[in-house]
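# Structural overview for review
What follows is each chain in one-letter form.
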Amino acid sequence: MADITIMKTPAETGLAQLFESLKGSLPGDLSVRETAMAGFAERGLPHRRIEEFKYTDLRALLREAAPFAEKPGSAELAVAFNHAKAFTGLAAARLTIVNGHVATELSEATAFPAGVEVASMNEALARGHALLGWLGAVEAARGNPVYELNTAFMADGAVIRIPAGTAVEQPLHLRFVNSGSQAFATATRVLVVVEEGASVTVLESHEGPDGLACQPNDVIEFVVGDRARVRHVRLNAEGRDALALSTLTARLGAEVSFNTINVVSGAQVSRHQVFVTFAGENSTARIDGANLLRGRQHADATLLVDHAVPHCTSRELYKTVIDDEATGIFQGKIIVRPDAQKTDGGMKSDALLLSERATMNNKPELEIFADDVVCGHGATCGALDEDLLFYLRSRGLPAAEAESLLLQAFLGQAVETVENEAVHDALVEVVEGWLQARH
Amino acid sequence: MPAVQETIDRVKLIDVDQYKYGFETTIEMEKAPKGLSEDIVRFISKKKDEPEWMTEWRLDAYRRWLTMREPRWARVQYPPIDYDELYYYAAPKGMTGPTSIDELDPEILKTYEKLGIPLREVEMLEGIQRPNVAVDAVFDSVSVATTFKAELAKAGVIFMPISEAIREHPELVRKYLGSVVPVTDNFFATLNSAVFSDGSFVYVPPGVRCPMELSTYFRINERNTGQFERTLIIADKGSYVSYLEGCTAPRRDENQLHAAVVELIALDDAEIKYSTVQNWYPGDSEGKGGIFNFVTKRGDCRGRNSVITWTQVETGSAITWKYPSCILRGDGSRGEFYSIAISNGRQQVDSGTKMIHLGKNTTSRVISKGIAAGKSDNTYRGLVSAHRRATGARNFTNCDSLLIGNQCGAHTVPYLESNNSTAVFEHEATTSKISEDQMFYCMQRGLGEEEAVALIVNGFVKDVLQQLPMEFAVEAQKLISISLEGSVG
């Protein structure tokens, strides 16, 4: 390979221009944004020669950088409200973010339990919120181009603080809705600081209409104090034409219990990145996912679990069902640092290919530097088991029903880790809805 | 779980400072001038008395190589190689190809005796139990002896140094050379295509089961040289051949480059078994010296129901960069990869396989065991892919690693790419595969838990080692008692 002079793509040029024109109006410390943008500009959009983006070539997928969405007016909010369907039946404190901007009109902030602090990220940045020092707490995420772009452009979102010892019963629902007819981009950042001994359930839903070519780039960052407990459920039900990039980072203290699950049924192209770092001993993390793909959807799940300290346990379970010509990607990596003895890490990615033209790329990776650990990874990939189908059909089930039943069972394994029953049922409904639409 | 004591002791026995083959042979050598240029490529080609097309082939490769960059994606670190400081051709004086054993320089003969490689046919016939092995001995850049050629010829098997094959069977060489590993495949393969000096050529005619094991023994002796051998094995329809390869080098403070290319072609119903015991000098415990082993090995299951099996035991080399692969082109073909890689001292291993399923109902199996000790790094990197048309493809991969001590690293980088819904891929780690039933059975027979695990896992490792032909059994024995208890993913 000869040295190739890298030409900037229209999207890269577009992003640079957008930054120049927006940087005066974005809230908070400009130098942080400039550093991130410089980092991004140096490397450009990641492409398939960049190992972490081997299967999701953003240079090819992101053809044009859409302008960032303006704060919507009340008429637009009313339209947007119609798209917000996820978790609606559930009792929760809600914060609604429309086109990347907090819509207080549509939020049920009064429902936030006593002591829980919620501020919009826009204000937090503008006023220099005391907790902003926690942004970027997970080092591994910082050099990531998607994360860098978010840092450069983040306009709104939320800063949430769960004070020490507070057990928040009702889930906090972060409701992201995209609405409009012209292509636009958003960059939101949510920081959740869960202090010592506190517990909370955070729900995230991302929705939008089909036909809207939006480009959301969402980052949620968890900073979890010792003995705290966090449950996080994320649902990507974006419209068919969205290109959705998202990042979750979590820095876990000692004796923490942290669970996160990402369910994807929407977006043309999606990439969900998870960066979890164990910073205290005896903590446990579960990172699960269920991806339901059809048409020409492309869904990438990229995980990095960093066991930096001893005595921690991590489990990753991803279930991917791929129909039509869709593509599923799982890239997981567990790092066990030299002193992280007694680490217990287990990673598994299972994929079912329902159509001849479906594609699955699995890359479950281990990087181990400690000798007294138990780490395992597994990956499977194949079609529905003929024998199981035959068994069900011999019991009188029609083919379609038999398939649905098996798929439900397959996906159920990932979803069943959600303990909150109402949330669990809501996810099962998503799965069932997807299966029904198959036939 | 940490490694058990028995394993630790075993690995120590083959630690870098225990290297037995580090002696040097003093012999007058003839070398090409230092460095690499078109003239050097022509020089090598002329030395080998090659036809014009071969010279052009090499020159073409050389020109392409000039435009390529060294790959840096592997998990290995080494100082930049100065390709102009190397000698690309070194041969014992007056030798351009194999002569009769009697004419062979006694020093060379002694070298091979010391290494335990019999070059005299009579000696080999003495033992009744021992089956015959035909040996091609490659000393730096030339093949110095090939045994049992006549007997093999009776069966129609062609076994000779590749330089000889280029002259004697140009039609075969021209047809197959570079057809599995194209000239521009990668940096090191292209370099090899330009300057390869010797190696073995095997052709097994249709329906012939090769009457004995074939083997090549590679020895690097000269200072500052690189060894670039090229092996080409063709198993015609319905034939079978088992080929062994061994390698050693003297103990030296400088790094030496070994960039080989191996191409295997199996036609309809043919089977090739390729085994390697790689024991190049690994460098000392501080990481000084040692061989850089950058090797491209690939087999093409071109015909229906053909089989290619790679078995490797890797204990040597300062750096190993090698991915013996199978292209499963023919319907119903099968590829297998069995590997045990042990790294000690400051060795770095980045090895694995590629199983590329193109044909229908193709199957592959990958069993890899990596053991890292000292300050070494051991990486398994493997690709399994199924093409759109590869209906019914099946793969099972199992890769375990074991760490001994807390200054080494074991890494696993598997890639599984499926483009076909009927392809079934499974990738798992053994530790999770020991069933409770097996454990229960062993333990109710009075075995302790640890013993039970050791028994079950050892049984599994032996499975891998049994893939090695008997000739390597002795070397393999050393490894057999390595328990993989405490292995991780």
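Residues numbered from 1 in each chain as written. Chains lettered and ligands numbered in written order. Predicted model: local features only at pLDDT ≥ 70, side-chain atom pairs only at ≥ 80, totals over all residues.

### Quick notes on the overall build of chain B
Just so we agree on the cut-off: A run of H or I in DSSP becomes a helix once it reaches four residues, and a run of E becomes a strand once it reaches two; helices and strands are each numbered from the N terminus. Residue burial here comes from a neighbour count, namely the number of other C-beta atoms, placed from the backbone, that lie within 10 Å of the residue's own C-beta, with 20 or more meaning buried, 12 or fewer meaning exposed, and in between meaning partly exposed.
Summing up its helical and strand segments, chain B has 12 helices and 24 strands in all. In chain B, which comprises 489 residues, the proportion classed as buried is 56%.

### Some points on the overall build of chain A
Applied cut-off: Each radius of gyration is computed over the set of C-alpha atoms, and the globule rule expresses the reference value as 2.2 Å times the number of residues to the power 0.38. Residues are defined as contacting one another if the C-beta atoms placed from their backbone atoms lie within 7 Å.
Helix and strand counts for chain A come out as 10 helices and 19 strands. The C-alpha atoms of chain A give 21 Å as radius of gyration, which agrees with the globular expectation for 439 residues (22 Å, within 12%). The burial tally for chain A puts 55% of its 439 residues in the buried class. Across chain A, the fraction of contacts at a sequence separation of at least 24, relative to all contacts at a separation of at least 6, is 84%.

### Considering the interface of chain B and chain A
This is how it is decided: Throughout, the ten residues Ala, Val, Leu, Ile, Met, Phe, Trp, Tyr, Cys and Pro are labelled nonpolar, Asp, Glu, Lys and Arg are labelled charged, and all others, Gly among them, are labelled polar. Two strands qualify as a pair provided that DSSP identifies no fewer than 2 bridges between them.
Contact with chain B, which involves 36 residues of that partner, is made by 33 residues of chain A. With 10 residues, strand β23 (residues 409–418) of chain B is the single largest residue contributor to the side of chain B that touches chain A. Each residue belonging to the side of chain B that touches chain A can be placed in one class, and the counts come to 16 nonpolar, 16 polar and four charged. As paired elements, strand β18 (residues 359–368) of chain A and β23(B) share six bridges and run antiparallel to each other. In the strand pairing of β23(B), M360(A) is matched with S418(B).

### What about the environment of S25(A)?
With respect to the helices and strands, S25(A) occurs in the loop between α1 (10–22) and α2 (30–43). Along the chain, S25(A) and F153(A) lie 128 residues apart, while their C-alpha atoms are 10 Å from each other.

### Quick word on the packing of helix α3 (residues 52–66) of chain B against helix α9 (residues 187–195) of chain B
All names here are of chain B. Going by this rule: Each axis is a line fitted through C-alpha atoms, and for a helix only the stretch in contact is used; angles between axes span 0 to 180 degrees, taken between their N-to-C directions. Should the near helix be turned anticlockwise from the far one by less than a right angle, the crossing is left-handed, and should it be turned clockwise, the crossing is right-handed.
One way to put it is that α3 packs onto α9 with a least axis distance of 7 Å and a crossing angle of 145°. Crossing of α3 over α9 shows left-handed handedness. Side by side, α3 and α9 meet where R58, A61, Y62, R64 and W65 of the first sit next to T190, L191, S193 and A194 of the second.

### Looking at the UniProt feature "domain: SUF system FeS cluster assembly SufBD core" (unreviewed entry) in chain A
Test applied: UniProt positions are given in the numbering used here, feature names are shortened, and annotations may be inferred rather than shown by experiment.
If you check UniProt for "domain: SUF system FeS cluster assembly SufBD core" (unreviewed entry), the listed places come out as residues 182–410 of chain A in our numbering. As annotated, residues 182–410 of chain A has a helix share of 9% and a strand share of 59%, and its two end C-alpha atoms lie 38 Å apart.

### Thoughts on the domain arrangement of chain A
Residue and element names in this part refer to chain A. Put simply, the test is: Each domain's extent is set by a domain assignment, obtained either automatically or from a database.
For chain A, the assigned domains read domain 1 (68–383) and domain 2 (384–438). Facing 24 residues of domain 1, the contacting portion of domain 2 comprises 19 residues. For the side of domain 1 that touches domain 2, the secondary-structure elements that each account for two or more residues are β7 (199–207), β9 (229–237), β11 (257–264), β13 (284–293) and β15 (313–322). With five residues, β13 is the largest single contributor of residues to the side of domain 1 that touches domain 2. Residue composition of the side of domain 1 that touches domain 2, by class: 15 nonpolar, four polar and five charged.

### Side note on the nonpolar core
A general tendency of soluble globular proteins is for nonpolar side chains to be buried together. For the record, the criterion: Each nonpolar core comprises buried Ala, Val, Leu, Ile, Met, Phe, Trp, Tyr and Cys residues, the members being joined through C-beta atoms within 7 Å.
Within the largest apolar cluster, 260 residues are counted, with the highest numbers of intra-cluster contacts made by V194(A), V224(A), V202(B) and A266(B). Broken down by element, this core gets its largest block of residues, seven residues, from strand β6 (residues 185–194) of chain A. When residues of this core are assigned to domains, at least three map to each of domain 1 (68–383) and domain 2 (384–438) of chain A. Ignoring anything within four residues of it in the chain, the contact list for V224(A) reads V194(A), V230(A), A250(A), R251(A), L252(A), G253(A), V256(A) and F258(A).

### Things to note about the environment of S179(A)
Residue and element names in this part refer to chain A. Tracing the backbone through its elements, the reader meets S179 in the loop between β5 (172–177) and β6. Taking the C-alpha atoms as reference, S179 lies 14 Å from L106; in sequence the two are 73 residues apart. In this structure, S179 is in contact with E76, V79, A80, H83, V98, N99, G208 and P209, ignoring residues within four places of it in sequence.

### Considerations on the pairing of strand β4 (residues 156–162) of chain A
Residue and element names in this part refer to chain A. β4 sits mainly inside the fold: seven of its seven residues count as buried. Here β4 shows two buried faces, one formed by D156, A158, I160 and I162 and the other by G157, V159 and R161. Pairing between strand β3 (residues 117–120) and β4: four bridges, direction antiparallel. Paired with S120 across the two strands is A158, which belongs to β4.

### Overview of the pairing of β13(A)
Residue and element names in this part refer to chain A. Counting buried residues in β13 gives eight out of 10 residues, a clear majority hidden from the surface. As judged from the 10 bridges shared by β13 and β15, these two strands associate in the parallel manner. Of the residues in β15, the one forming a bridge with L293 is I322.

### Comments concerning unusual backbone geometry
Residue and element names in this part refer to chain A. Of note in the backbone geometry, A267 takes a positive phi value of approximately 75° without being a glycine. By the secondary structure assignment, A267 is in the loop between β11 and β12 (269–278). Given 27 C-beta atoms within 10 Å, A267 falls into the buried group. Unlike most non-glycine residues, K342 shows phi in positive territory, near 60°.

### Examining helix α9 (residues 399–415) of chain A
We count it as follows: To estimate the expected span of a helix, count its residues, drop one, and scale the result by 1.5 Å.
Between its first and last C-alpha, α9(A) extends 24 Å over 17 residues, near the 24 Å set by a 1.5 Å rise per residue. Where α9(A) is concerned, the buried positions are A402(A), E403(A), S404(A), L407(A), L411(A), A414(A) and V415(A).

### What about α1(A)?
All names here are of chain A. Rules: Note that the arc is defined by the directions from the helix axis to the C-beta atoms.
Its 13 residues give α1 an end-to-end C-alpha distance of 18 Å, which sits within 8% of 18 Å, the value for a rise of 1.5 Å per residue. Buried residues of α1: A11, E12, L15 and F19, and no others. Looking down the long axis of α1, one finds its buried residues gathered within 105° of arc, a one-sided arrangement. What points out from α1, more than 90 degrees from its buried face, is the exposed set P10, Q17, E20 and S21. Its buried side turned inward, α1 meets α2 and α7 (145–153).

### Topic: the confidence of the model for chain A
Reading fine detail from the predicted coordinates is not recommended where pLDDT is low. Here is the rule: Note: pLDDT gives the predictor's confidence per residue, expressed from 0 to 100.
Per-residue confidence for chain A averages 93 on the pLDDT scale, and 98% of its residues sit at or above 70. Within chain A, strand β19 (residues 374–382) of chain A has the poorest average pLDDT of any element, 87, and strand β8 (residues 215–224) of chain A the best, 98.

### Brief notes about the packing of helix α8 (residues 386–394) of chain A against α9(A)
Residues and elements named next belong to chain A. Short version of the rule: Between 65 and 115 degrees an angle is taken as roughly perpendicular, under 35 as roughly parallel, over 145 as roughly antiparallel, and anywhere else as oblique.
One can describe the packing of α8 onto α9 by two numbers: an axis separation of 9 Å at closest approach and a directional angle of 125°. Classed by the angle they form, the pair α8 and α9 counts as oblique. For the pair α8 and α9, the crossing hand works out as right-handed. Here L388, L389, L392 and R393 of α8 come into contact with α9, specifically with A399, A402, E403, L405 and L406. Among the residues making up the contact of α8 with α9, the classes are represented as seven nonpolar, no polar and two charged.

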